[in-house]
Amino acid sequence: MDPEELARIQDASDAYNISGKDAESLSQEYGKDNDPTFTKFKERISRDPAQVLRYARHDAPLWPVSTGQCSAAPPCSTCNAPRTFEFQFLPTLLYMLGVGKEKDDMDWASVMVYTCSKDCEVEEYVEEFAWSQSYSDK
């Protein structure tokens, strides 16, 4: 692996509390040659490596890997309008919460939340749709 690429990965990994060995392993498994989606995700997140939430209403999620993506969210259960992407929890959240260090801990690449595209008005809470993408979907 290119030493400059490894240094960039290590710098970004420091914010995630990932060891250099783990960062190199992730990069080899999901890196530029194997998964351009991971490369795009890594480059975008490197702008602010400490972020835990990405808000982009009616936009598209920033997928960490190319597998296990949500192809279509179900329609709103209240008004039947399509649901659109609103925000996602990034894997940084797991590290900031200290989760993922044990074998049976929760682990995901990203959690995407889709909400009603028409913002239907209700007096109570409405159930929305969340999609969890995993690195192990590969």
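Looking now at the overall build of the protein. Secondary structure assignment for the protein yields four helices and four strands. Listing each helix as α and each strand as β along the protein from the N terminus yields α-α-α-β-β-α-β-β. Excluding contacts between residues fewer than 6 apart, the proportion of contacts in the protein whose partners are at least 24 apart in sequence is 66%. Carbon and sulfur atoms provide 49% of the accessible area of the protein, an area that totals close to 8600 Å².

Aromatic ring pairs: the centre-centre distance and the angle between the two ring planes describe each pair. Enumeration according to the criterion identifies four aromatic pairs in this entry. Pairing Phe 87 with Phe 89 gives two aromatic rings, centres 5.4 Å apart and planes at 90 degrees, and the pair type is edge-to-face. By the ring-pair criterion, three or more aromatic residues cluster together here, those being Phe 85, Tyr 114, Phe 129 and Trp 131.

Here Arg 83 shows up in strand β2 (residues 83–89). Among the polar contacts made by the side chain of Arg 83, one reaches the main-chain carbonyl oxygen of Pro 75 at a distance of 3.3 Å. With residues up to four places along the chain from it excluded, the contact list for Arg 83 reads Ala 73, Pro 74, Pro 75, Cys 76, Ser 77, Tyr 114, Thr 115, Cys 116, Ser 117, Glu 127, Glu 128 and Phe 129.

On to the state of the cysteines, then. With the rule as written, the count across this model stands at zero disulfides. Lacking any disulfide linkage, Cys 79 is separated from the closest cysteine sulfur, that of Cys 116, by 3.5 Å. Overall, Cys 79 belongs to the partly exposed group, its relative accessible area being 34%. The buried category is assigned to Cys 116, whose relative accessible area is 4%.

Attention now moves to the pairing of strand β3 (residues 110–116). Taken across its seven residues, β3 has seven buried, putting it largely inside the fold. Pairing of β2 with β3, which is carried by six bridges, proceeds in the antiparallel orientation. The partner of Phe 87 across the bridge, within β3, is Val 113. Direction of pairing for β3 relative to strand β4 (residues 129–133): antiparallel, over a ladder of five bridges. From the neighbouring strand, Val 111 faces β4, where its bridge partner is Ser 132.

A few words now on helix α3 (residues 36–45). Inspection of α3 places Phe 38, Thr 39, Phe 41, Lys 42 and Ile 45 among the buried residues, and these make up the whole buried set. The buried residues of α3 occupy one face: seen down the axis, they fall within an arc of 165 degrees. Exposed residues pointing more than 90 degrees away from the buried face of α3 are listed as Pro 36 and Lys 40.

Procedures and definitions
Residues numbered from 1 in each chain as written. Predicted model: local features only at pLDDT ≥ 70, side-chain atom pairs only at ≥ 80, totals over all residues. Heavy atoms only, no water. Helix = DSSP H or I, 4+ residues; strand = E, 2+ residues; numbered from the N terminus. Contact = heavy atoms within 4.5 Å. Areas by Shrake-Rupley, 256 points an atom, 1.4 Å probe, with all protein chains shown as cover. Phe/Tyr/Trp six-rings, centres within 6.5 Å; stacked < 30°, edge-to-face > 60°. Polar contact = N/O pair within 3.5 Å; in protein donor to acceptor, adjacent residues only side chain to side chain. Disulfide = S-S within 2.5 Å. Buried < 20%, exposed > 50% of the residue type's maximum accessible area, 1.4 Å probe, protein only. Pairing = 2+ DSSP bridges. Arc of directions from axis to C-beta.

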